Amino acid sequence: MLMKKIYFILTALISCSQMQSQLFEAVPNSGFQGVFFGDCATADFNNDGKTDFIISGAKPGYTGFTAIYENNNGSFAANTIAQLDQLMYSAIAVADLNGDNRNDIIVTGTTTTGTAETVFVIYYNNGDGSFSKDNTTGIVGVNFGSLQVADFDGDGRKDILVNGNPGTEYSTKIYRQGINGTFTDMNANLMGTYFSATKVFDANGDGHPDILVTGYNTAGIPDSKIYLNSGDGTFTEKQTTLAGVYFSSIDVADINNDGHPDLLISGTDTTPKQTLIIYMNDGTGNFTEMENNFIGTYNGSSKFVDYNNDGLIDVFSIGSNAAGQNTTLLYKNNGNGTFTEDTAAAASIAGLNMSRAQWFDYDGDGDLDVLTIGFEGGNIAHTTLYKNTTINPVTCSEPGNTTGDTGCVTFTYLGSPVTYTTVRGSDGNIWLQQNLGSSKVAETVNDADAYGDLFQWGRHDDGHQKRNSTTAAIPTPNNPSGIINSSTAAEFYVGSPGWWSPNALTDKWVGSTPAEASDVNGCDPCKALGNGWKMPTETEWEAIIESQNIANPATAFTSVLKLPASGYRSASGALTFVGTRGYYSSATTSSSGSKYLYVGTTIANPSAGGPRGQASAVRCLKYPSAVESPYCNVTVDYDVEPITRVSFAGINNTSSATVNGSPAYENFTAISGTVHAGQSYEIIVEGNTAGAFEHDIRVFIDWNKNGVFDMDSEYYGFSLNPSTGADGVQATGTIAVPSNALMGNTRMRIIKDQWNVYEEGEFHGCLNAYYGQVEDYTLDVQQTLGVIDVIKNTFEIYPNPTHNTVTIATESILKSARVYNQLGQLIVDQTQPVINLSQAPTGIYMIQIEFENGQTAVRKLIKK
């Protein structure tokens, strides 16, 4: 009872914050039990792709309460079968402890039924909403502390850090998990605290999880200590200038994008002096206080969060201020090292003390909502979920043209709208800056919230990619066509001979929709992002890792792509190298199944290969958008004798066969085909004529994207025999994509016209048809490297990378050397072997070499 009296004294002067605006709106009729002096955590507990949450703490009157609330498309209901101990003064951690791809729950605190005692419990997730309770681990329970989970000794198994008051001397202990799931004290010799907070992060960039401990120590003094991990679970204290605090809260993020995790710490000393401080990390674990005018808080929760979705990390804090008043604070990041207090947004979140908070996107609308628990005063506690209405995800735009500029894209993923950050790469392309399925851009190399989902090669967004999806035997047929309408479409395929084998090199992963899946083509999940988005190829991965100097997980994270070490899921379904290595899908096939980008300890290899049953993270890219050109208007002078089908490079569009039954001009630019520079594609055009008249099929493709159809280089002519009213007659031919075609989206126009009206030389792409129809489409032009490359051992290009000139050394006779930038624009065209690039901007270029013997080769150049 003494502890209870102390905290009622501490909260005697608390007053309630008043709503001043509705930037955050409390979700009505939630029915959540209000708790304080506890904890909350978010995770998908029932494997339905939606984020649930768990709360634990004291109800008014000081009885314990613990419950899981499951998310049902934005509404929540309590899980009634979980059978959780009712605790207060509690701490919660969520992690997959036993490697079954399910989120387990670790809880410690004080029971209030019967004889009050401090307990420690692990609830192993059974996958059906129920949990198996284990309170026989030998781990000593605590109260007024915190829990952290990490692999502290590098053995691949998750260990547990337990910090707080076990009833005697305060403690901070690490329990090592053994092979059989048992736990033993690691004897790490860490400072014990309570009224405390701890954080696990890589303070000095060596890849090992270090520990920050704050709180009231055994000497009765508020303290803060950092312990550096040697990699085997032994720790050395790092001298710091961090303020000693208790009633503390800690968060970690790289707020200035220098690749080093910075700290946010709040709490109070015994003066009392309340603080809310950002400490900047120099990369070696030395921290310097950032100057600001933040209001200090204690006995609450402080977070780094991008609450307004502008790509900058802001500051949130809830708790008590120096006057003992309930306080909610939001500080908007101005992008120049300063912050501005956002009182309007903060006023819509009720201040609470003895509080905790979690930010997550519960409704899938692309912004972060906030869950708070805590004490209002007057024997009233709250658990409140606030919907974020501060942003409109529809306002997304592409990044600027400078490397590192960010933008966003809104699309549907796992059935819900999401908004992801995009970034301008040093290769000139636009990339997602986060993995498909992730909740945010990575803030550290092993940021679990940024890992995202893992796709088997050739499969789309059907649920199989969830890290804890269940497994199933390979389908029949064992290719993408076997997934459609399959009862196992949302499951991860395992078993012999492996998903989608044998490994034909001609298989593709470029389909736009699941309906396009076939025995030789899978649906590309990146196509869901919109026109132009695609899975990267081996070549495109190679270009970005070289231009960003990516060579290991650390440099992958510090690159503009912010690639985390998300690991992979093996063909057997096991998660592997999570938090230590990166594996990223490629659209390119290999003899072993498929290519992927491998980011290991000492190498980044875009040519790595593995079975298609192996699942990797997915990043998507698109080529820079072309400026919308004012293409000329075209119509038909007399009868509309229609084009009824167009088949070309993935386009397969059918339309009305009725004469005068459809418009003279039809805009099908929302339909896109994909072509590669230097390759040829068959085109089929079907049509209808009202009489026995041959028709011209005139195809115009704006390869240089200048808004004009050039008759000399962008026109292709074919003939359609008379159909006399019958449909299905075909005009066929082949179109070769120029090697210097500009990358990205461009216009394709097809004009069907009666042959005897105009002769070639009289018509062009802007001339009306006499009898016929006009249709426009979009083509996505992509680069193809090394198309022939049969003489790779007979010449050399050096130096590469270069600062000024590059030389082609060969015994063959050089016919031409052409250099293209990343937009596909020709910048050099010569016959001499020495090429001057001194005036070219830094970046990646392609050189196309042609020899007198007819052979050609394509190589990549790097200009420093």
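Here the structure is a predicted model, which means the values were calculated and not measured.

What counts and what doesn't
- Residues numbered from 1 in each chain as written.
- Predicted model: local features only at pLDDT ≥ 70, side-chain atom pairs only at ≥ 80, totals over all residues.
- Heavy atoms only, no water.
- Domains from an automatic or database assignment.
- Contact = heavy atoms within 4.5 Å.
- Buried area = accessible area lost by both parts, 1.4 Å probe.
- Salt bridge = Lys/Arg side-chain N within 4 Å of Asp/Glu carboxyl O.
- Polar contact = N/O pair within 3.5 Å; in protein donor to acceptor, adjacent residues only side chain to side chain.
- Nonpolar A, V, L, I, M, F, W, Y, C, P; charged D, E, K, R; others polar.
- Helix = DSSP H or I, 4+ residues; strand = E, 2+ residues; numbered from the N terminus.
- Buried < 20%, exposed > 50% of the residue type's maximum accessible area, 1.4 Å probe, protein only.
- Core = buried A, V, L, I, M, F, W, Y, C linked by side-chain atoms within 4.5 Å.
- Pairing = 2+ DSSP bridges.
- Axes fitted to C-alpha atoms, helices over the stretch in contact; angles between N-to-C directions.
- Disulfide = S-S within 2.5 Å.

Engineer: Any details on the domain arrangement of the protein? Residues and values, ideally.
Structural biologist: Its domain assignment divides the protein into domain 1 (22-390), domain 2 (405-622), domain 3 (643-782) and domain 4 (795-863). On a C-alpha basis, the centroid separation for the pair domain 1 and domain 2 is 31 Å. The partner domain 2 presents 17 residues to the 18 residues of domain 1 that form the contact. Here domain 1 packs against domain 2, burying approximately 1,400 Å² in sum over the two surfaces, 44% of which is carbon and sulfur. Area buried by domain 1 at its contact with domain 2 is led by Asn47, Asn101 and Gly364, which between them contribute 34% of it. Where domain 1 touches domain 2, the interface holds one salt bridge. Asp254 is the salt-bridge partner of Lys562, the closest N and O atoms lying 3.6 Å from each other. For the pair domain 1 and domain 2, the number of links is three residue pairs in polar contact (both at pLDDT 80 or more). Its residues assigned to classes, the side of domain 1 that touches domain 2 shows four nonpolar, nine polar and five charged.

Engineer: Please set out unusual backbone geometry residue by residue, giving values where relevant.
Structural biologist: Of the consecutive residues Ser496 and Pro497, the connecting peptide bond is found in the cis state with omega at 0°. Summarising the element assignment, Pro497 is placed in the loop between strand S34 (492-494) and strand S35 (508-511). For Trp500, which is not glycine, the phi torsion reads 50° and is therefore positive. A relative accessible area of 2% means that Trp500 is categorised as buried.

Engineer: Give me the lowdown on the nonpolar core, citing residues and values where you can.
Structural biologist: Across soluble globular proteins, nonpolar side chains show a tendency to be buried alongside one another. Judged by nonpolar contacts, the single largest core of 29 residues is most densely connected at Phe648, Val699, Trp703, Ile735, Met748 and Ile750. Grouped together as the second largest cluster of nonpolar side chains are 24 residues, Phe411, Leu436, Trp499 and Cys526 included.

Engineer: Describe the sheet that holds strand S45 (residues 651-654), listing the residues and the values that go with them.
Structural biologist: Spatially, S45-S44-S47-S50 is the arrangement adopted by the four strands of the open sheet, whose pairing is antiparallel. Single-partner strands in this sheet number two, and they are S45 and strand S50 (729-736). Shown here is a sheet whose adjacent strand axes are inclined to one another by a mean of 15°, direction ignored. As paired elements, strand S44 (residues 643-648) and strand S47 (residues 680-687) share five bridges and run antiparallel to each other. Bridge pairing in S47 links Val646 to Val685.

Engineer: I'd love a proper account of the state of the cysteines, names of residues and values included.
Structural biologist: One pass over the full model with this rule turns up two disulfides. For Cys526, the disulfide goes to Cys620, at an S-S distance of 2.1 Å. Every disulfide takes its handedness from the sign of the S-S torsion; for Cys526 and Cys620 that torsion is -80°, giving left-handed. You can see Cys526 sitting in the loop between strand S36 (521-523) and helix H3 (538-547) and its partner Cys620 sitting in the loop between strand S42 (615-616) and strand S43 (621-622), a full 94 residues away along the chain. The pair formed by Cys526 and Cys620 is uniform in burial state, with each residue classed as buried. Between Cys632 and Cys766 runs a disulfide, and the two sulfur atoms are separated by 1.9 Å. Between Cys632 and Cys766, the S-S dihedral sits near -85°, and the bridge is therefore left-handed. Of the two residues, Cys632 is situated in the loop between S43 and S44 and Cys766 in the loop between strand S51 (744-754) and strand S52 (772-782); the sequence distance between them amounts to 134 residues. With no disulfide of its own, Cys523 lies closest to Cys526 among cysteine sulfurs, the gap being 9.9 Å.

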